[in-house]
Amino acid sequence: MQRAIRTPAGLAAAVGIALEDLPYSQIADQGFPLLVPHAFAARIERGNVADPLLRQILAAQDETLTVAGYSNDPLAETSLYAGTPGLLQKYHGRALLVVTGQCAINCRYCFRRDYPYSDNAQSSTERLATIDQLLDDSSIGEIILSGGDPLLLLDEQITAIAQRIARHERDITLRIHTRLPIVIPDRVTTALTRTLSQTGLRSVMVLHSNHPNEIDQATAKAIQSLRDAGVTMLNQSVLLAGVNDNPDVLAALSDRLFAAGVLPYYIHMLDKVAGSSHFEVCEDSARRIMGELSALRPGYLIPKLAVERPGAASKRQLEPIYPSV
Ligand code: SF4
């Protein structure tokens, strides 16, 4: 994290593109700055300004456009707090804790890029008290750690959360939404995997990977360590124009995930956060892409195409449009 790339010059050097040829925007960078770990930058094809991984992290001129329908809080999350900072209860039986505002990478399409993290911060003690409240609520069967990236908590903090949940008499699932094993695989430490295995907790990790080039040997090794610790591994992606809006790319992503022991779970329509309109894929195109993908791979390698609407009781799945025969 300390050595992560934070300047356009650093990025240009890392990806072998002359600074003047890098389509970087200083204005787009303000408020949501460039942040790329070296482990991720190393997977960007050198000299390729159209690289799909570069597109996800480069502050670009298109972000400065004002587009109708795009807002700072596309899922209206700031209106969902149940009086406890960082606690979101969108869906029945599940509670989501935004445990940190920090990320290891700033994805330009992130729906929480303008999220008021500082208004919703909790100390470790407050967070454990919130978890105690949730454990006392018999309607809650799953606690989800989100962010930011929850794997930016210290191992001791994650251990404290896992132990708290594991020692409760009810059988509660711990779910962790994270991009860290993808972008900095070294984050998957022995202490982390030991915690997840020794507590005996039922744990699910939902990775966030959008393109097959994001998964290399180091990520596969990190994933294997998590699987060895008994963690169920799933992946969610965002469907992004110029990144993965292509059935062959998605098929290759599913292959790479499956080879690493991860099942593709969801592919989300873009949440319309201000500054991300250049990533939008319309619903009809998305459904056609999924129809074509369905013809390429078996059902267990086809993620569900989903869209989230503020206030809805669940995500809504979109049916593929299958190619005519
Ligand atoms: S890692 Fe996740 S939370 Fe962090 S910037 Fe990327 S999409 Fe947003």
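Here the structure is a predicted model, which is why all the values come from computation and not from measurement.

### Here's the deal with empty space enclosed by the protein
In step 1: Within this structure, the stated rule accounts for 1 cavity of 30 Å³ or more.
In step 2: Taken as a whole, the largest cavity holds about 50 Å³ of empty space.
In step 3: For the largest cavity, the full set of lining residues is Asn235, Ser237, Leu250, Leu253, Ser254, Leu257, Pro264, Tyr266, Ile267 and Pro303.
In step 4: Elements that contribute at least two residues to the lining of the largest cavity include exactly strand 6 (232-238), helix 10 (247-259) and strand 7 (263-268).
In step 5: The element that contributes the greatest number of residues to the lining of the largest cavity is helix 10, accounting for 4 residues.
In step 6: Considered class by class, the residues forming the lining of the largest cavity number 7 nonpolar, 3 polar and no charged.

### What about the nonpolar core?
A general tendency of soluble globular proteins is for nonpolar side chains to be buried together.
In step 1: Leu11, Ile143, Ile165 and Met205 are the most contacted members of the largest nonpolar core, which totals 67 residues.
In step 2: Counting contributing residues, this core receives three or more from each of domain 1 (1-64) and domain 2 (76-317).
In step 3: Dropping the residues within four chain positions of it, Leu11 is found in contact with Ile5, Leu22, Leu34, Val36, Leu54, Ile57 and Leu58.
In step 4: By size, the runner-up hydrophobic cluster in this structure holds 15 residues, among which are Ala251, Val281, Ile289 and Leu305.

### A few points about the packing of helix 5 (residues 124-135) against helix 6 (residues 155-166)
Each pair of packed helices can be described by the angle between their axes along with the distance between the axes.
In step 1: The interhelical angle for the contact between helix 5 and helix 6, taken along N-to-C directions, is 20°, at an axis separation of 10 Å. In terms of axis orientation, helix 5 runs roughly parallel to helix 6. When the axes of helix 5 and helix 6 are compared, the crossing they make is right-handed. Mapping the contact onto sequence places Ser124, Arg127, Leu128, Ile131, Asp132 and Leu135 in helix 5 and Gln157, Ala160, Ile161, Arg164 and Ile165 in helix 6.
In step 2: Of the residues assigned to the contact of helix 5 with helix 6, the class counts are 6 nonpolar, 2 polar and 3 charged.

### Description of helix 5
In step 1: In a regular helix each residue adds 1.5 Å, so 12 residues correspond to 16 Å; helix 5 covers 16 Å between its end C-alpha atoms and thus fits that length.
In step 2: For helix 5, the complete set of buried residues consists of Arg127, Leu128, Thr130, Ile131, Leu134 and Leu135. Axial view of helix 5: buried residues confined to an arc of 155°, hence all on one face. Residues of helix 5 that are exposed and point more than 90 degrees away from the buried face comprise Thr125 and Gln133.
In step 3: Looking at the packing, one finds that the buried side of helix 5 touches strand 1 (87-88), strand 2 (94-98), strand 3 (142-146) and helix 6.

### Let's talk about the UniProt feature "domain: Radical SAM core" (unreviewed entry) in the protein chain
In step 1: Listed under "domain: Radical SAM core" (unreviewed entry) in the UniProt record, and renumbered for this structure, are residues 89-303.
In step 2: The span residues 89-303 is 35% helical and 17% strand by assignment, and the distance between its end C-alpha atoms comes to 24 Å.

### Brief notes about the sheet that holds strand 4 (residues 173-178)
Adjacent strands of a sheet form backbone hydrogen bonds with each other and so pair up, either parallel or antiparallel.
In step 1: A sheet is described by the order of its strands in space; here 9 strands give the open sequence 1-2-3-4-5-6-7-8-9, paired in mixed fashion. Every other strand in the sheet has two partners, leaving strand 1 and strand 9 (316-317) as the edge strands with one partner each.
In step 2: Alignment of strand 2 against strand 3, held across 5 bridges, turns out to be parallel. Across the sheet, residue Leu97 finds its bridge partner in strand 3, namely Leu145.

### Quick look at the pattern of salt bridges
In step 1: One pass over the structure, following the stated rule, counts 17 salt bridges.
In step 2: Where Asp216 meets Arg43, a salt bridge forms, and the shortest distance between an N and an O atom there is 3.2 Å. One end of the pair, Asp216, is in the loop between strand 5 (202-208) and helix 9 (217-228); the other, Arg43, is in the loop between helix 3 (38-41) and helix 4 (52-57), and 173 residues separate them in sequence.
In step 3: As a salt-bridge pair, Lys90 and Glu308 come within 2.7 Å of each other at their nearest N and O atoms. Of this pair, Lys90 sits in the loop between strand 1 and strand 2 while Glu308 sits in the loop between strand 8 (304-307) and strand 9; the two residues are 218 residues apart in sequence, bridging distant segments of the chain.
In step 4: With relative accessibility at 14%, the residue Glu308 sits in the buried group.
In step 5: If you follow the salt bridges from partner to partner, you end up with Glu77, Lys90, Arg112, Glu308 and Lys315 in one network.

### A word on the site of the ligand
In step 1: The environment of the ligand is formed by Cys103, Ile105, Cys107, Cys110, Gly148, Arg179 and His208.
In step 2: Here the ligand occupies the largest pocket.
In step 3: By residue class, the composition of the shell around the ligand is 4 nonpolar, 2 polar and 1 charged.

### Re the layout of surface pockets
In step 1: For the largest pocket, the calculated volume is near 1100 Å³.
In step 2: In this structure, the largest pocket is lined by 45 residues; those nearest its centre are Phe111, Arg112, Ser146, Gly147 and Gln236.
In step 3: Of all elements in the fold, only strand 2, strand 3, strand 4, strand 6 and strand 7 reach the threshold of two or more residues within the lining of the largest pocket.
In step 4: For the lining of the largest pocket, the residue count by class is 21 nonpolar, 14 polar and 10 charged.
In step 5: In terms of domain composition, the lining of the largest pocket takes at least three residues from each of domain 1 (1-64) and domain 2 (76-317).

About the thresholds
- Residues numbered from 1 in each chain as written.
- Predicted model: local features only at pLDDT ≥ 70, side-chain atom pairs only at ≥ 80, totals over all residues.
- Heavy atoms only, no water.
- 1 Å grid on protein atoms, 1.4 Å probe; cavity = no way out; pocket = protein on both sides within 12 Å on 5 of 7 lines; lining within 4 Å.
- Points joined across faces, edges and corners; volume = space filled by probe spheres on them.
- Helix = DSSP H or I, 4+ residues; strand = E, 2+ residues; numbered from the N terminus.
- Nonpolar A, V, L, I, M, F, W, Y, C, P; charged D, E, K, R; others polar.
- Core = buried A, V, L, I, M, F, W, Y, C linked by side-chain atoms within 4.5 Å.
- Buried < 20%, exposed > 50% of the residue type's maximum accessible area, 1.4 Å probe, protein only.
- Domains from an automatic or database assignment.
- Contact = heavy atoms within 4.5 Å.
- Axes fitted to C-alpha atoms, helices over the stretch in contact; angles between N-to-C directions.
- Parallel < 35°, antiparallel > 145°, perpendicular 65-115°, else oblique.
- Left-handed = near helix turned anticlockwise from the far one by under 90°.
- Expected span 1.5 Å × (residues − 1).
- Arc of directions from axis to C-beta.
- UniProt positions renumbered as here; feature names shortened; annotations may be inferred.
- Pairing = 2+ DSSP bridges.
- Salt bridge = Lys/Arg side-chain N within 4 Å of Asp/Glu carboxyl O.
- Near = heavy atom within 4 Å.
- Sits in = over half its atoms within 2 Å of the grid points.

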